[in-house]
Amino acid sequence: MSTSLAPASSAIDPSRVDGKPGGERRATQVRGGALLAAGALAALVAGACGGRVVVDGFEPPPDGSGSSGGSWSSGDTASSVPQGSSGAGQGGSIGEGGAPPIPPLVKEEHDNVGIDGAIPVTVQPGTLGFTAVAEIMASSPSFDPIGIESILGPDGRLLAADYTIPGTMAAFFNQGIGAAAVPQTGADASAPLAPGVYWIKLGNGGVGPLEEPVRLSVWHRRTLDGRFHGGKIDINAFIAGDAVSEQYMRRALLSAYEGYVGLGVGSINVHHIGSEWEFVDEEVLPGVLEQTAGAPGRPALNVIAVTAFEGRIEDASGVTPAVPSVAVEHGTHLSGIVVTLYEEPSVDTIILRHELGHLAGLFHTTEFDADFGDPLDDTSKCSNVRPLAERCPDFGNLMFPTGGDFSGTMTPQQTAIVRASALYRGIVEQGGGAAVPLPADADTPASGAPIAPPAPGEGARSFAPDRLASTAALPPYAAALLAGHFCGQSAARGADFYELLRAAGGADVDRLLAVGRDPGAPAYVRARALTAAGRAATRSSASARVITELQALAADPRLPRRARLGAVEGVASASPAAARALAARLTADADGVVERMAARAAAR
């Protein structure tokens, strides 16, 4: 039976569909930087009350005496680490496989902050980076806007301003919670950070006075010498309905994240949430992220696997709610990444790594709007993604907006930003061990036991998309789009996958149908081709023939589920009447996911 760790009173009812009575959802209040569009935000700042400090794996007593790892006082982050004759810090027994002499992750907390001042944050020597999280403290996740308005460095440079970094598509605010990180630019990506006092301003976009108290948490990532020494990523995997098997989910996570930027995988806990979360649009997204409430471990990456994305994020492979998001709190509107996995390891690895890059603070190297890209010095930029596509100099980079050529290349600055994040349990010195997880939040339920890993080599095959005979008939970039990662960050900002495919020459219905029928093609490539064929049919004289073939493919139980889902979408795109007839035909289909998808498509 499917179970969720989240409270029963979820903020969003995913069964409500646009166009039906009662379909209004609170999540529409703020999305995708909408508050920034007017360009006239008030220059509001936030005042601080004193900070409480919690360190990775333990919390010092209120008197500041601490235990091992140094002395911490209640109003700042100053620390004093005893040094042995070797120069290494001395400490007690903390950590997996070792005893970190200093805590690798320090939480500095400021409660009940306002919007009338700036908060000083002291960065100590040896700090790789910090993540600032502003959150409205309410009894349930808030949908009111809050975020990081600006960050001022110790040298007087603005590291973030007006809730963004100029030249990027950053929006350091969201519904009830907002985050920003340092470093996120090339100027600050060399470790360690410059020590000193950084000033952080909070804001809510000038929408009015705060109705609930706000908390600022600043998570400092440190090592003894200011160099990266590794760590462990703990993962909470959430499977919506029958989106993917537990065995494949675990295998995909291990494949993607073991060795990623020099990190290892720690624990993997798998949980199930209801089939009502299988299909996610931009308005349901906050609600599905709330389902991570009560997840074990901090820091821990929450990965939610769904069947498909809809609405403005239709046909995305993965969605991260903001850049950065958070791995240190569960149940918020920034608590993780949401993906659809294709059971093609080479592709799923890129999807998972790309979205984790966003969560840690990485932007696309180049956006579909060529005026925007990342603020790094060592990533190539493309003058115009749409016509150049695979000829872009950054096409091989992991953070290319379509995932590029699956090589997953990362630059030193990109790697440094992920390593500086609050994503993992860190190691503070060469040969040391990773710290234990932070204590769970109050009232966190016990974790389910991790599932056993699959046998070596078990799982789906990999493939080379350029070797498929059916896609070879398409222009190269059209074939690459069908086989690539389409990021929800691009979709939410107006990039339409099927318009990109059409512009790349991928609108020939017969070629698309050939891909959809090809048993040698990956199921998700077939799905995209069949959906595209339905869309292209509206411009074709052969629309009736195309719809008939799509209906037959959608109803064929021999086809992989994902290919059938693509055919259902293709029918719905071509003809609402045909979609209703197909839904009636698929009532009580042996595959409940296909039946539910057909019913949703018919109701649009």
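Structural data are supplied above this passage.
This section reports on the structure supplied with the text.

How each quantity is defined
- In this convention, every chain numbers its residues from 1, walking through the sequence in written order.
- Totals for whole chains, interfaces and linings use every residue, but because this is a predicted model, local features are given only for residues with pLDDT of at least 70 and side-chain atom pairs only at 80 or more, for both listing and counting.
- With hydrogens and water set aside, each side-chain value is computed from the structure's full complement of heavy atoms.
- Segments assigned H or I by DSSP are reported as helices when at least four residues long, segments assigned E as strands when at least two residues long, and all are numbered from the N terminus.
- Three labels apply to residues, based on accessible area from a 1.4 Å probe with only protein chains included: buried if under 20% of the type maximum, exposed if over 50%, partly exposed otherwise in between.
- Between two residues, a contact is recorded if the distance between any of their heavy atoms is within 4.5 Å.
- The protein chains shown are the only cover counted for residues, whose accessible areas, like all others here, come from Shrake-Rupley with a 1.4 Å probe.
- Axes here mean lines fitted to C-alpha atoms, for a helix over just the part in contact, with angles spanning 0 to 180 degrees between N-to-C directions.
- Left-handed is the label given to a crossing in which the near helix is rotated counterclockwise from the far helix by less than a right angle, and right-handed is the label when the rotation is clockwise.
- To count as a disulfide, a pair of cysteine sulfur atoms needs to be within 2.5 Å.
- The span expected for a helix works out to 1.5 Å for each residue beyond the first.
- For this classification, under 35 degrees means roughly parallel, over 145 means roughly antiparallel, 65 to 115 means roughly perpendicular, and everything else is oblique.
- All residues other than Ala, Val, Leu, Ile, Met, Phe, Trp, Tyr, Cys, Pro, Asp, Glu, Lys and Arg, Gly among them, are scored as polar; the first ten of these are nonpolar and the last four charged.
- By nonpolar core we mean a set of buried residues, namely Ala, Val, Leu, Ile, Met, Phe, Trp, Tyr and Cys, connected to one another through side-chain atoms within 4.5 Å.
- Here, a strand pair is defined by DSSP locating no fewer than two bridges between the strands.
- A pair is scored as a salt bridge if a Lys or Arg side-chain nitrogen falls within 4 Å of a carboxyl oxygen belonging to Asp or Glu.

Now for the overall build of the protein. Helix and strand content of the protein: 15 helices and 20 strands. By the burial criterion, 59% of the 604 residues in the protein qualify as buried. Intrachain contacts of the protein at a sequence separation of at least 6 include 76% that bridge at least 24 residues. Of the accessible surface of the protein, which amounts to about 21,600 Å², a share of 51% is contributed by carbon and sulfur atoms.

With that settled, the discussion passes to the packing of helix α12 (residues 543-554) against helix α13 (residues 561-574). Look at α12 against α13: their axes get within 8 Å of each other, and the N-to-C directions meet at 150°. Seen from above, α12 lies across α13 with left-handed handedness. Between α12 and α13, the residues in contact are I547, L550, Q551, L553 and A554 and R564, A567, V568, G570, V571 and A574, respectively.

Glancing now at the state of the cysteines. For the coordinates displayed, the defined rule picks out 1 disulfide. Shown here is the disulfide that connects C382 with C392, its sulfur atoms set 2.0 Å apart. Measuring handedness by torsion sign, the sulfur bridge of C382 and C392 sits at about -60° and is left-handed. In this pair, C382 sits in the loop between α3 (345-360) and α4 (385-388) while C392 sits in the loop between α4 and α5 (412-419), placing the two residues 10 residues apart along the sequence. Taken as a pair, C382 and C392 share a single burial class, namely buried.

Here α13 contains 14 residues, and its C-alpha end-to-end distance of 20 Å stays within 8% of the 20 Å for a straight helix at 1.5 Å per residue. α13 sits mainly inside the fold: 12 of its 14 residues count as buried. Listing the buried residues of α13 in full gives R562, A563, R564, L565, G566, A567, V568, E569, G570, V571, A572 and A574. Lining the buried residues of α13 we find α11 (523-537), α12, α14 (576-585) and α15 (592-602).

It is worth spelling out the packing of α13 against α15 at this point. Two elements in contact, α13 and α15, have axes whose closest approach is 10 Å; the angle formed by their N-to-C orientations is 15°. The orientation of α13 with respect to α15, classified from their angle, is roughly parallel. Crossing hand, α13 versus α15: right-handed. Contact residues: α13 offers R561, R564, L565, V568, E569 and A572, while α15 offers V593, V594, M597, A598 and A601. The class makeup of the residues in the contact of α13 with α15 is 8 nonpolar, no polar and 3 charged.

Ranked by size, the top nonpolar core spans 122 residues in total, and within it I233, M249, L253, Y257, V303, L352 and L423 carry the most contacts. Element by element, the count of residues in this core is highest for α11, at 8 residues. Counting 27 residues, the second-largest nonpolar core is a separate cluster that includes I148, I165, A170 and V218.

This part is about the pairing of strand β6 (residues 127-136). With 10 of 10 residues buried, β6 is to be regarded as a mostly interior element. Pairing analysis gives 9 bridges linking β6 to strand β12 (residues 214-222), with the strands arranged antiparallel. The partner of F130 across the bridge, within β12, is H220. Where β6 and strand β10 (residues 177-182) come together, 6 bridges link them in antiparallel fashion. Residue A134 lies in a different strand from β10, and its bridge partner there is G178.

This paragraph deals with the pattern of salt bridges. Inspection of every chain in the model, using the stated rule, returns 19 salt bridges. Across the pair K107 and E109 runs a salt bridge, and its minimum N-O distance is 2.7 Å. In this structure, K107 and E109 share a single accessibility class: buried. R425 is the salt-bridge partner of D234, the closest N and O atoms lying 2.7 Å from each other.

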